[in-house]
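Take a look at the letters that make up each chain.
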Amino acid sequence: MTSVLVVGAGVGGIAVAARLARRGYDVTVLEKNAAPGGRCNQIVQDGHRFDVGPSLFLLPQVYAQTYAALGERMEDHLDLKRIDPTYHIHFEDGTVLKLSADINWMQEELEAIEPGSFGGFLRYMAEGQRHLDIALDRFLTKNFYTLYDQVNPGNLSLLTELKLLYKHYDNLGNYFKSEKLKAVFSFQDVYMGLSPYESPAAYSMLQYTELADGVWFPIGGMYRIVESLVSIAEGHGARFVYESPVKQITVEGSRATGAVLADGSVMHADIVIANADLPYVYDRLLPDRGLARRMMNKQFTCSAIMFYWAVGEAYPQLAHHTLFLSGDYKASSDCIFHDHTLPEKPSFYIHVPNRTDPTAAPEGCENLMVLVPVGCLYEELGLDFGALRARAKEIALEQLAKLGITDLEAHIKHEVSYTPHDWRGLYNLARGATFGLKHNISQLGYLRPQNRHGRYKNLYFCGASTHPGTGVPIAFLGAELVEERILKEQPVS
Ligand SMILES: Cc1cc2nc3c(=O)[nH]c(=O)nc-3n(C[C@H](O)[C@H](O)[C@H](O)COP(=O)(O)OP(=O)(O)OC[C@H]3O[C@@H](n4cnc5c(N)ncnc54)[C@H](O)[C@@H]3O)c2cc1C
């Protein structure tokens, strides 16, 4: 039986393991940590359950496809609740905007900020839908085996159809005049780890999918996705081995031969799939130093300072998803993406899962996950992330006080917090970049690292820094692309 070693049990690694096990491959997944999930992990403490990373369940159709490809129905595994209003957005001047799929509501909310903007919103949504349809049909679901697969007469129109050469923030000027609304319809680019001032206008697809396909949340937390897929994979015969860090992927000629674990044990396999963050894999697990340097010199997404606060008090001022948008949106983006540090006045996001899912926290208590975007790690800058974390906390508490939440600190029962160093240590994310390599035009499609090594023909990659990119549903699309490629190139025997 053809044997497969998967290095890493992130969502991409789990999905590809499940798919290949179902096809009859003999699959073993080696995970450095004690539990699967990678960035989609959970923290459970005294009845408080936090999702470590992902909190927005987007593109439900892509999740459903993954379950279907494994012979399952998503509804049998996930109890999904739609979150609407999707976000409560607080601006520096005290204005509050609630985004919703309710079109009449949106008309009132938008017109109150910029009279006449509702028409622009409808046109912007129509563009977002076009972008999403094209991306799903011709970009995110395609393996680019050669440059010609992407750059051919049939595909050149993608540049204009997806507005790939047009900056997202500039493009918003075609729909809105208000700087507030431009910020409201571009902040989601941070999910791709990008500044809206440099991301392509194609990312209007994010705002469209949030309002049209919905923002959802599984009861039990995002970790339910991980648990259910691991159990499906195991049902098809895949084995998960935890606390087993790989220290080297072994190679010979044009083949990967297996892996050496940190304890010195050696495992052989016909196929190796690295789900661990790709630049880390090149830098730490493979021999070619030149390729490693090239990978580490690529452009990285931002990182995040996180606080997971178990709170013994309820704060109804906070919604399931609450966002604080900085008064100086441009300066704040530049600070994160060019200076790689914490802005003076950062925008930040708070997730309160128990607002929708009472099982997430004990009665009368809350879980606050606070995400403050910050630059990724460039050691040469010598930043003191302990001090930046303290400042991020101070800023978050100050903003919350403006909503009347003045006694929060006294009610925090437990605090867990992460800086970029923790992201790097916990999951081996190169430069602590929470979303992997950037999704700018020079690192997209064929120009993004592809899912097979150029030299080792049986070494595949699946995860956020590889084509098609970051986000849980996109990792699932990546797993499908790796499966397609392996079935073609290394059929099961
Ligand atoms: C703060 C934050 C918020 C996010 N929000 C969202 C969101 O709302 N919605 C969304 O869809 N996405 C979100 N994302 C992105 C999403 O979490 C990721 O894109 C996705 O989880 C990445 O999965 P992956 O397959 O690349 O694996 P990873 O999560 O990178 O997992 C790789 C695994 O490999 C393991 N590993 C590393 N090195 C080794 C080694 N040497 N040996 C063995 N194992 C190893 C790691 O421990 C890890 O378990 C968020 C991410 C973060 C960090």
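Asker: Is there a simple way to explain the layout of surface pockets in this structure?
Answerer: Regions of empty space are outlined by a rolling probe, equal in size to a water molecule, passed over the atoms. As a volume, the largest pocket reaches approximately 440 Å³. In terms of residue count, helix α13 (residues 289-296) provides more of the lining of the largest pocket than any other element does, three residues in total. When the residues that make up the lining of the largest pocket are grouped by side-chain class, the tally is nine nonpolar, three polar and six charged.

Asker: Would you explain the side chain of His168 in this entry?
Answerer: With respect to the helices and strands, His168 occurs in helix α8 (residues 168-172). Classification of His168 by relative accessible area gives buried; the value is 0%. In contact with His168, other than residues within four places in its own chain, are Tyr124, Phe185, Ser186, Asp189, Pro196, Ser199, Pro200, Ala201, Tyr203, Ser204 and Gln207.

Asker: Can you walk me through helix α4 (residues 103-113) in this structure?
Answerer: An α-helix turns once every 3.6 residues. As a result, residues three or four positions apart point the same way. Along α4, the residues that are buried comprise Met106, Glu109 and Leu110. Projected down its long axis, α4 shows its buried positions confined to an angular sector of 90 degrees, all on one face. Among the exposed residues of α4, those pointing more than 90 degrees away from its buried face are Asn104, Glu108 and Ala112. The elements touched by buried residues of α4 are β7 (96-99), α5 (117-138), α9 (179-184) and α10 (204-212).

Asker: What's the story with the sheet that holds strand β2 (residues 26-30) in this structure? I'm lost.
Answerer: Within a sheet, neighbouring strands are paired by backbone hydrogen bonds and run either parallel or antiparallel to one another. Taking strand neighbours across the sheet as the criterion, the five strands line up as β9-β2-β1-β13-β19 in an open arrangement whose pairing is parallel. On the outer flanks of this sheet lie β9 (239-241) and β19 (459-461), each paired with one strand and no other. Going from strand to strand, the sheet's axes swing by 20 degrees on average, the running direction of each strand aside. In this sheet, β9 lies alongside β2 in parallel orientation, the contact comprising three bridges. Looking across to β9, one finds that Val29 is bridged to Phe240. Relative to β19, helix α18 (residues 472-489) is tilted by about 165 degrees, and along the sheet it contacts β13 (271-274) and β19.

Asker: Explain a nonpolar patch on the surface here, please?
Answerer: A cluster of nonpolar residues, Leu147, Val151, Leu156, Leu159, Leu165 and Ile441, forms a patch on the protein surface that exposes about 520 Å² of accessible area. Within the secondary structure, Leu159 sits in helix α7 (residues 158-161). On the basis of relative accessible area, Leu159 is assigned to the partly exposed category, the value being 34%.

Asker: Explanation requested: α18 in the structure shown.
Answerer: Along its 18 residues, α18 runs 26 Å from first to last C-alpha, staying within 8% of the 26 Å computed at 1.5 Å per residue. A large share of α18 lies buried, amounting to 13 of its 18 residues.

Asker: Where do I start with the packing of helix α1 (residues 11-22) against helix α11 (residues 223-235) in this structure?
Answerer: Two packed helices can be described by the angle between their axes and the distance between those axes. Relative to each other, α1 and α11 sit at 25 degrees, their axes nearing to 8 Å. Taken together, the axes of α1 and α11 are roughly parallel relative to one another. As α1 runs across α11, the sense of the crossing is left-handed. On α11, the residues that touch Val11, Ile14, Ala18 and Ala21 of α1 are Val226, Leu229, Val230 and Ala233. A per-class count over the contact of α1 with α11 returns eight nonpolar, no polar and no charged.

Asker: It is not clear to me how the site of the ligand should be interpreted in this structure. Could you clarify?
Answerer: Inspection of the region around the ligand gives 37 residues, with Gly12, Glu31, Arg39, Tyr280 and Gly471 positioned closest. Tyr280 is positioned such that a nitrogen or oxygen atom in its side chain is 2.8 Å from a nitrogen atom of the ligand. Relative to its unbound accessible area of 1,000 Å², the ligand is 97% covered by the protein chains. For the shell around the ligand, the element with the most residues is helix α17 (residues 420-427), which contributes three residues.

Asker: Just checking my understanding: could you explain the pattern of salt bridges for this structure?
Answerer: If charged atoms from side chains of opposite charge come close, those side chains can pair. By the definition in use, this model includes 24 salt bridges. Glu483 is paired through a salt bridge with Arg23; the nearest N and O atoms lie 2.9 Å apart. Separated by 460 residues along the polypeptide, Glu483 in helix α18 and Arg23 in the loop between α1 and β2 bring together distant segments of the chain. Classification of Glu483 as buried rests on a relative accessible area of 6%. Put simply, Arg19, Arg23, Glu480 and Glu483 are held in one network by salt bridges that share partners.

Asker: Can you walk me through the sheet that holds strand β11 (residues 255-261) in this structure?
Answerer: An order of β10-β11-β12 is seen for the three strands of this open sheet, with the pairing classed as antiparallel. Both outer strands of the open sheet, β10 (246-252) and β12 (266-268), are each paired with one neighbouring strand and no more. When strand polarity is set aside, the average angle formed by the axes of neighbouring strands in this sheet is 25 degrees. For β11 and β12, the ladder comprises three bridges, and the chain directions are antiparallel. Each residue of the ladder has a partner; that of Ala259, found in β12, is Met267.

So, how was this worked out
- Residues numbered from 1 in each chain as written.
- Predicted model: local features only at pLDDT ≥ 70, side-chain atom pairs only at ≥ 80, totals over all residues.
- Heavy atoms only, no water.
- 1 Å grid on protein atoms, 1.4 Å probe; cavity = no way out; pocket = protein on both sides within 12 Å on 5 of 7 lines; lining within 4 Å.
- Points joined across faces, edges and corners; volume = space filled by probe spheres on them.
- Helix = DSSP H or I, 4+ residues; strand = E, 2+ residues; numbered from the N terminus.
- Nonpolar A, V, L, I, M, F, W, Y, C, P; charged D, E, K, R; others polar.
- Buried < 20%, exposed > 50% of the residue type's maximum accessible area, 1.4 Å probe, protein only.
- Contact = heavy atoms within 4.5 Å.
- Arc of directions from axis to C-beta.
- Pairing = 2+ DSSP bridges.
- Axes fitted to C-alpha atoms, helices over the stretch in contact; angles between N-to-C directions.
- Patch = residues over 30% accessible without salt bridge, like charges linked within 9 Å, V, L, I, M, F, W, Y side chains within 5 Å.
- Areas by Shrake-Rupley, 256 points an atom, 1.4 Å probe, with all protein chains shown as cover.
- Salt bridge = Lys/Arg side-chain N within 4 Å of Asp/Glu carboxyl O.
- Expected span 1.5 Å × (residues − 1).
- Parallel < 35°, antiparallel > 145°, perpendicular 65-115°, else oblique.
- Left-handed = near helix turned anticlockwise from the far one by under 90°.
- Near = heavy atom within 4 Å.
- Polar contact = N/O pair within 3.5 Å; in protein donor to acceptor, adjacent residues only side chain to side chain.

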